[in-house]
Amino acid sequence: MTAVEVLFRYGAPPNESTMSAFGQLSDAYGIRCLRLQEPARTIRVEYDATRLTEAKVEGLLRAAGFDITGRMALA
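So, how was this worked out
Residues numbered from 1 in each chain as written. Predicted model: local features only at pLDDT ≥ 70, side-chain atom pairs only at ≥ 80, totals over all residues. Heavy atoms only, no water. Phe/Tyr/Trp six-rings, centres within 6.5 Å; stacked < 30°, edge-to-face > 60°. Helix = DSSP H or I, 4+ residues; strand = E, 2+ residues; numbered from the N terminus. Buried < 20%, exposed > 50% of the residue type's maximum accessible area, 1.4 Å probe, protein only.

1. With respect to the packing of aromatic side chains
A complete count under the given rule lists two aromatic pairs for this structure. Arranged with centres 5.5 Å apart and planes meeting at 65°, the rings of Tyr10 and Phe66 form a pair that is edge-to-face. Of this pair, Tyr10 sits in strand E1 (residues 3-10) while Phe66 sits in the loop between helix H2 (54-64) and strand E4 (68-72); the two residues are 56 residues apart in sequence, bridging distant segments of the chain. A relative accessible area of 2% means that Tyr10 is categorised as buried. Of the residues examined, Phe66 reaches a relative accessible area of 4% and is grouped as buried. Pairing Phe22 with Phe66 gives two aromatic rings, centres 5.6 Å apart and planes at 70°, and the pair type is edge-to-face. Here the residue Phe22 occupies a position in helix H1 (residues 16-25), and Phe66 occupies one in the loop between H2 and E4, the gap between them amounting to 44 residues. Like Phe66, Phe22 is buried.

What is shown is where atoms sit, not what they do.
Printed below as a string of structure tokens:
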């Protein structure tokens, strides 16, 4: 397993259905940890790079309803 972290910024605030889908993302194969920071409008995702790619992780977030505006550098 190769653990990788990525930080995404999103635009529009998530609605109730997006938050419900977000809660289920932790069940996705390869997702290890999800952290939503609403004031900063960021989502930090730790995932197994042997199972997922960054593009797939972004796709899962978009499918959940997040308005992903870009990737940010990890601090």
